[in-house]
Each structure stands twice: as structure tokens, then as C-alpha cells.
Amino acid sequence: MRHIRPGKRGIGTALGVAVAVAGTLAMAPAAAAVTPGTATLSFDCGSYGSGEATLTATQDGTAATIEVSTSAITSPIKIGANSVESTLKLKNGSGTTEFTGKANPEIPAGSAVSTGPLKGTVAAGDRLEATSLTVKALGTTATCEATSAQKPGPFEF
């Protein structure tokens with residue numbers, strides 16, 4: 001019979017601890033991430049124009065943000081930072097999820113509108129695809145409707 005002196009651990013104990021730690025790490029939940037991180041689609045904004053938009057999404061638990069940059073709307077005059085109010089509607093199965101915000105960089109006259117981060121709440125497994133964008137700035141509201149599907153596809157949370 002083999003005896004192990006107090007304070008000494010055998011190789012079997014070390015292997016047992018390593019296996020237990022590895023099993024715990026394998027069962028730990030993966031960090032939340034939205035895929036794809038960036039998508040493009042086209043918008044028609046009526047008399048305000050039409051063009052492509054780039055949506056960039058991030059996720060932190062159930063909180064998500066989407067940044068929007070679009071050539072569909074250009075500003076005839078300079079727009080100050082944090083003065084554009086926006087709502088992005090996204091199809092979520094048979095329902096709709098909205099991302100809203102009043103954040104934007106300063107937009108020079110004649111430049112494309114960028115807005116965000118727009119904030120929203122998501123659940124694991126949500127598949128969101130943009131359907132419309134409403135932008136309020138300088139007392140004017142432009143409503144843009146998606147005219148193409150998101151590429152490469154819906155955001156998956």
C-alpha cells in the first residue's frame with residue numbers, strides 16, 4: 001500500500017482537478033455576439049432620396065446597439081452632434097423590434113446622415129432584419145422604407 005505524506009498530492013489528484021476544471025470551462029456560456037456584425041441594404045426615403053445603408057450591430061447581454069450610415073439622406077445644411085432623432089424598425093419573426101436614439105456625429109452640409117448608437121433590447125435567438133428608418137432633424141421627418149434584404153442576412157443575436 002502506498003502512502004502519501006500530508007501536504008503532498010499525487011498525480012491522480014492533479015489529473016482529477018484538471019479534468020474538473022476543464023469540464024467547468026466547457027459548460028461555461030459563450031460570450032454573446034451578434035452575427036453578422038455589419039450588414040447593408042437599400043432604402044427609399046421618398047423626396048429625400050434613396051440609397052444604400054450600412055448597419056453595424058453590437059450586443060452586450062440583452063442590450064444591443066445599431067449604428068446607421070446611409071447615403072439615402074443627405075443634409076442640405078450642417079447638423080450639430082446629438083440632434084438627430086432616429087428609429088430603426090426591424091422585423092423579428094412575426095413582430096417588430098425598434099432601436100431608437102438621439103445620437104449622431106456632427107454632419108457637414110451636403111454629407112450623408114449617420115446616426116447612432118440606436119439602442120434596443122434583444123433575446124437569444126432573435127433574427128432581426130431592418131424594414132424602415134425614421135430620421136427627425138431640423139424640424140423635418142424623413143421616413144425610409146427598405147427596398148432590399150439585408151446582406152449578408154439578418155442580425156442573429
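Residues numbered from 1 in each chain as written. Predicted model: local features only at pLDDT ≥ 70, side-chain atom pairs only at ≥ 80, totals over all residues. Heavy atoms only, no water.

Peer 1: I would appreciate a short explanation of the pairing of strand S3 (residues 63-74) in the present structure.
Peer 2: Looking along a regular strand, one sees the side chains alternate between the two faces of the sheet. Pairing geometry for strand S2 (residues 50-60) and S3, over eight bridges, is antiparallel. Paired with Leu-55 across the strands is Val-68, a residue of S3. Counting the residues between successive antiparallel strands, the hairpin from S2 to S3 contains two residues, one of them, Gly-61, with a positive phi of roughly 70°. In the sheet, S3 pairs with strand S6 (residues 112-121) via eight bridges, with the strands oriented antiparallel. Among the inter-strand pairings, Thr-65 is bridged to a residue of S6, identified as Lys-119. (Pairing = 2+ DSSP bridges. Helix = DSSP H or I, 4+ residues; strand = E, 2+ residues; numbered from the N terminus.)

Peer 1: Sorry if this is basic, but what is going on with the pairing of strand S1 (residues 38-44) here?
Peer 2: Burial of S1 is one-sided: the residues Ala-39, Leu-41 and Phe-43 facing one way are buried, the residues Thr-38, Thr-40, Ser-42 and Asp-44 facing the other way are not. Across seven bridges, the pairing between S1 and S2 is antiparallel. Looking at the pairing, Thr-40 lines up with Thr-54 of S2. In this antiparallel pair of consecutive strands, S1 and S2, the connection spans five residues, and Gly-46 shows a positive phi of 60°. Inspection of the sheet shows S1 paired to strand S8 (residues 140-146) by two bridges, in the antiparallel sense. Paired with Phe-43 across the strands is Ala-146, a residue of S8. (Buried < 20%, exposed > 50% of the residue type's maximum accessible area, 1.4 Å probe, protein only.)

Peer 1: Can you help me understand the layout of surface pockets in this one?
Peer 2: Here the idea is plain: a probe the size of a water molecule rolls over the atoms and shows the empty space left. A volume near 210 Å³ is recorded for the largest pocket. If you trace the largest pocket, you find 14 residues lining it, with Tyr-48, Ile-73, Thr-74, Pro-76 and Ala-137 closest to the centre. Taken together, the elements giving at least two residues each to the lining of the largest pocket come down to S3, strand S7 (127-137) and S8. Here the residues of the lining of the largest pocket are counted per class, giving 10 nonpolar, three polar and one charged. (1 Å grid on protein atoms, 1.4 Å probe; cavity = no way out; pocket = protein on both sides within 12 Å on 5 of 7 lines; lining within 4 Å. Points joined across faces, edges and corners; volume = space filled by probe spheres on them. Nonpolar A, V, L, I, M, F, W, Y, C, P; charged D, E, K, R; others polar.)

Peer 1: Would you explain the environment of Gln-150 in this entry?
Peer 2: Along the chain, Gln-150 turns up in the loop between S8 and strand S9 (155-156). Residue Gln-150 is classed as buried on the basis of its relative accessible area, which comes to 4%. Not counting residues up to four positions away in its chain, the partners in contact with Gln-150 are Ala-39, Thr-40, Leu-41, Leu-55, Leu-90, Leu-128, Glu-129, Ala-130 and Phe-155. Of note is the side chain of Gln-150, whose polar atom sits 2.6 Å from the backbone nitrogen of Ala-130. (Contact = heavy atoms within 4.5 Å. Polar contact = N/O pair within 3.5 Å; in protein donor to acceptor, adjacent residues only side chain to side chain.)

Peer 1: Mind showing me how you'd approach the environment of Pro-152 here?
Peer 2: Relative to the helices and strands, Pro-152 resides in the loop between S8 and S9. Sequence-wise, Pro-152 and Pro-36 are 116 residues apart; in three dimensions their C-alpha atoms are separated by 7.4 Å. In this structure Pro-152 touches Pro-36, Thr-38 and Ala-39, once residues within four positions along its chain are discounted.

Peer 1: Hey, could you run me through the nonpolar core in this one?
Peer 2: Looking at soluble globular proteins, one finds that nonpolar side chains tend to be buried together. Residues Phe-43, Ile-66, Leu-88, Phe-99 and Phe-155 are the most contacted members of the largest nonpolar core, which totals 31 residues. Going through the elements one at a time, S1, S2, S3, strand S4 (85-92), S6, S7 and S8 are the ones with two or more residues in this core. (Core = buried A, V, L, I, M, F, W, Y, C linked by side-chain atoms within 4.5 Å.)

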